[in-house]
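These are the residues of each chain, in order.
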Amino acid sequence: PPAPAPAPATARISITPGGVSPNSVTIAVGGTVTFVNNDVIPHDVAGGPDPDRRDCPEIDAVGFLTPGQSRQSQVFSRARLCDFHDHSFHSPLFAGRITIQ
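Computed from a predicted structure; not experimentally measured. (Residues numbered from 1 in each chain as written. Predicted model: local features only at pLDDT ≥ 70, side-chain atom pairs only at ≥ 80, totals over all residues. Heavy atoms only, no water.)

A. Layout of the state of the cysteines. Summed over all chains, the structure comprises 1 disulfide. Here Cys-56 connects covalently by a disulfide to Cys-82, the sulfurs 1.9 Å from one another. On the S-S bond that ties Cys-56 to Cys-82, the torsion sits near -85°, and the link is left-handed. In this pair, Cys-56 sits in the loop between β5 (43-47) and α1 (57-60) while Cys-82 sits in strand β8 (residues 80-86), placing the two residues 26 residues apart along the sequence. Among the residues examined, Cys-82 registers a relative accessible area of 0% and is labelled buried. (Disulfide = S-S within 2.5 Å. Helix = DSSP H or I, 4+ residues; strand = E, 2+ residues; numbered from the N terminus. Buried < 20%, exposed > 50% of the residue type's maximum accessible area, 1.4 Å probe, protein only.)

This is how it looks when you write it as structure tokens:
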């Protein structure tokens, strides 16, 4: 059987009025994720599953996004799972996971 395709170096996550899309992406070690605010209100992207468990500081680099704005995470330098959430909206619709492999 053929070897599985390697993970892409980058991914893009859109923030919409209905939540984030996609809510799960896979990237390669050394890659980044770009978050795009396609909503009409600001969003505050942070690493971790919730405000009390802020893991993956690479995601914290995205921070506050005004409508229409986009920003890239820092480089993910090791394989792991990184959850993220919108610090402004504590809803599972505005949360997700990045798999770094």
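B. Region of the structure containing the pairing of strand β9 (residues 95-100). Judged from the 4 bridges that link them, strand β3 (residues 24-27) and β9 form a sheet pairing that is parallel. Directly across from Thr-26, in β9, lies its bridge partner Thr-99. In terms of strand pairing, β8 meets β9 through 6 bridges, oriented antiparallel. Within the sheet, the bridge partner assigned to Leu-81 lies in β9 and is Thr-99. (Pairing = 2+ DSSP bridges.)

C. A look at the environment of Pro-57. Locating Pro-57 in the fold gives a position in helix α1. In this structure Pro-57 comes out as exposed when scored by relative accessible area, which is 53%.

D. Looking closely at the pairing of β8. Taking burial as the measure, the 7 residues of β8 include 6 buried ones, the bulk of the element. Note: β5 against β8, 3 bridges, orientation antiparallel. Within β8, the residue paired with Gly-47 across the bridge is Phe-84.

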